[in-house]
Amino acid sequence: MADAISVSGPISGTDRTLTFETGKLAQLADGAVLARIGDTVLLATATAARSVREGTDFFPLTVDIEERTYAAGKIPGSFFRREGKSSDQAILTCRLIDRPLRPSFPDGFRNEVHVVGTIFGADQENPHDVLAINASSAALMLSGIPFDGPIGAVRVAFTTEGTWIPHPTFAEGETSTFELVVAGRALTESTDTDIAIMMVEAGGTEKSWSYYEAGAPKVTEEVLAAGLEAAKTWIRESINLQRQLVVGVVAAHGPVETMEFTTQTDYASDVWERVEAVGTDLIAKANLVTTKTERNAALDGAGTEIKAALADEFADRAGEVKAAIRSLTKKLVRKRIVEEGVRVDGRGTADIRPLSAEVDLFPTAHGSALFARGETQVLNVTTLGMPRMNQLLDTITPVDKKRYMHHYNFPPFSTGETGFMRGPKRREIGHGLLAERALLPVVPSADEFPYTLRVVSDVLASNGSTSMASVCGSSLSLMAAGVPLKAAVAGIAMGLVYDGGTYVTLTDILGSEDAFGDMDFKVAGTSEAVTALQLDTKIAGLPADVLARALLQAKEARLTILGVMAAAIAEPRDHVAASAPKIVSMEIPIDKIGEVIGPKGKVINTLQQETGADIAVDDDGMVGTVTIGAVDGNAVEEARRRISLILDPPTADVGVVYAGRVVNITKFGAFVNVLPGRDGLLHISKLSALAGGKRINNVEDVLVLGQAVEVRVDDIDPQGKVSLSLASAPAGADAPAPAERAERPERPERPERPERSERSAAPSTGTPSFEDAFEAELAADLGDLGPGAVDTENRGGGGSGNRPPRNRSRRR
């Protein structure tokens, strides 16, 4: 086996080390790197096809994350006990890797590239997602695949003290207010080079608002800008360590040879020159139309006219002409924005499209809202459920359940197209998780609002920024459902055009501006703090000052949107919808859980059947929690009253008659529940009245479980045990006792029996035994009994002669 090449470096500000190793595992892959932080270990591999698949007009990069449950010492919980489809967390990690890597391949490179991260060890302390970004970049650096790297990545967490810490553990993340995942590339070969930011994924934590209320500093745009700047230190450390790994490989095996590939072009220069000459005025005129549908129709008409004009000249090159028309459209859109400050729909660079918001669209929904921004329209519906509806997660991280879920759907009709609908795609899962992360910090805790929450965002029309419209609409639907959000949350998508050294930031981008621009920058938050952030670039990084200005421009737009949302619903309703379950939660001593549940669940099942409420009991090892829910509020209150009586049962009074119910039957009697939490014993000797005065041998002959019976309390002993009798029997009267037996005379003491050896040696006294007398009588009647007759002389006083010995193994 080949010797491994390994490099390690300390992570500044921590006691941990980042390690890269290559040369031992997956040697047939173009590049393979084993990466480690703590005991979290993963293998990243990179492979590329040696030729371009025919007809490929895009860069086919695929990233997969394989989460092996053995990494966490688990067996998969599915029926097949094998890993199945990728978890949401794995899909999010794939997207985190893809986004900074994709812009780092050369233009025109169309060979298929596959990056795979396989998790071998998950120590439940150090997350593997950021490690996978760094390892994937390192694998590409060694693969010979053309890649302008390395790319470094880090997660930083903002503590309650107001500092940024690198590579936080799961525990450190939970105690922070905000987390940033940042990826970037070096601008020069120097070890202390500046870093260009290429990707950001960020969001507040579940306890953010409680920390803010306790005095922790809020995460504002200025704090975020400082966090992005701080992240560069640890990005630089990862980049330098990857470079050390490459140096080690080169020293051991020689230079890494770049694979041969052919740069693909969509059109030749002669096609571009003719399309530009013929079509510039036509496309520029079509771009003046401000509405999407009419503009697309105008652009289609312009394209048709250009193709017709060049049909004879490029008869067999229609594909090149079509691609050149698209490139010319992109050039003209960008030029108009940079030179004139005017966008395709006529807006200025900081203008927002018309906004609208409304709530309560459907009577059966627990909460519903419709949010529209220009031609983008998203319907959001909130559903409230019992805590037992929490989503259980079978992952390799410590997170095993989710209380707040956000699902995003993007049907093809939302863009006026046809298509297949076969479940959520990676983009839909990613957008749903982004909206979920944006709202999570303001969702009340389970102690404040003991509901499971699910929000569904259905995109009905799309012309840019549907994910941020989902954030706005979901905030509205949650407040309409009566969820006491800490504050309303709004989101805005920003864009960027870079041309001729000029950066122009766009507010509320359209779909075409997203396609033709250089950045997709989404920001969500309240009026006071940022709750989520996502950034992707198509260029080689962005200066920090450009990002800082974009954050402030996004804040102005967010505040405008919050004002429109407040006009629809200013604050959360103080009650849930009539169709939603009413839920109350109460803490109980942990030693009372058994009494609430009852033997084999009899008590809790009876409560649910009789009240109609759904009751769940849980504990955290220290205290128990009972959650009661039902659409009918009266059922909830009745169930709570009964459980309160179980926890603090009323005292039964001697001599009082109660209407009870049989809850348990034993050989000696029946236990009857007379009051909530208070049972008494009805002894079998007191049941004769149910059998016409006859003695009862089996309690089941006269009573069954659940039977209603009136009983009288006869006595309560010092330990609180209650003795009962049938209310139909006279007070103090018992069933007739059996006739007393005559006193039995004492049996005279039997003389001590000699030991067996003494009996065998003693001479016969001549007194025949019963057997001897019986056999003698038979002989007198029947004659000689033959050789089987008993020799009384050798029996030793009643021995068994030659008969077979008795079986002494019988049960005594």
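Small disclaimer: the values here were computed from a predicted structure and weren't measured.

Draft legend 1. Up close: the pattern of salt bridges. Going through the model one piece at a time under the given rule, you end up with 42 salt bridges. Between Glu179 and Arg155 there is a salt bridge; the shortest N-O distance is 3.8 Å. Of this pair, Glu179 sits in strand E9 (residues 178-186) while Arg155 sits in strand E7 (residues 151-158); the two residues are 24 residues apart in sequence, bridging distant segments of the chain. Overall, Glu179 belongs to the partly exposed group, its relative accessible area being 22%. Looking at Arg155, the relative accessible area reads 12%, which means it is buried. Salt-bridge contacts for Asp194 lead to Lys232; the nearest nitrogen and oxygen are separated by 3.5 Å. Taken together, the positions of Asp194 in the loop between E9 and strand E10 (195-204) and Lys232 in helix H5 (residues 221-253) put the pair 38 residues apart, joining distant regions of the chain. Look at the salt bridges and you will find they share partners, linking Asp345, Arg347, Arg353, Arg373 and Asp508 into a network.

Draft legend 2. Main features of H5. Helix length check: H5 (33 residues) gives 48 Å between terminal C-alpha atoms against 48 Å at 1.5 Å per residue, within 8%. At the exit of H5 stands Gly254, carrying a positive phi of roughly 95 degrees.

Draft legend 3. Seen up close, the packing of aromatic side chains. Counting across every chain of the model gives 13 aromatic pairs. Where Phe79 meets Phe80, the ring centres are 5.4 Å apart and the plane angle is 90 degrees; that geometry is what we call edge-to-face. The residues Phe79 and Phe80 share a single accessibility class, namely exposed. Through pairs of rings, three or more aromatic residues link up here, namely Phe59, Phe105, Phe109, Phe147 and Phe261. When the ring centre of Phe410 is taken as origin, the NZ or CZ atom of Arg427, which lies over that ring, is 4.4 Å away.

Draft legend 4. The pairing of strand E25 (residues 657-666), seen in detail. Sheet topology places E25 next to strand E28 (residues 708-716); 5 bridges connect them, and they run antiparallel. Among the inter-strand pairings, Val657 is bridged to a residue of E28, identified as Arg712. Judged from the 5 bridges that link them, E25 and strand E26 (residues 669-675) form a sheet pairing that is antiparallel. Residue Arg661 lies in a different strand from E26, and its bridge partner there is Asn673.

Parameters at a glance
Residues numbered from 1 in each chain as written. Predicted model: local features only at pLDDT ≥ 70, side-chain atom pairs only at ≥ 80, totals over all residues. Heavy atoms only, no water. Salt bridge = Lys/Arg side-chain N within 4 Å of Asp/Glu carboxyl O. Helix = DSSP H or I, 4+ residues; strand = E, 2+ residues; numbered from the N terminus. Buried < 20%, exposed > 50% of the residue type's maximum accessible area, 1.4 Å probe, protein only. Expected span 1.5 Å × (residues − 1). Phe/Tyr/Trp six-rings, centres within 6.5 Å; stacked < 30°, edge-to-face > 60°. Lys NZ or Arg CZ within 6 Å of the ring centre and 35° of its normal. Pairing = 2+ DSSP bridges.

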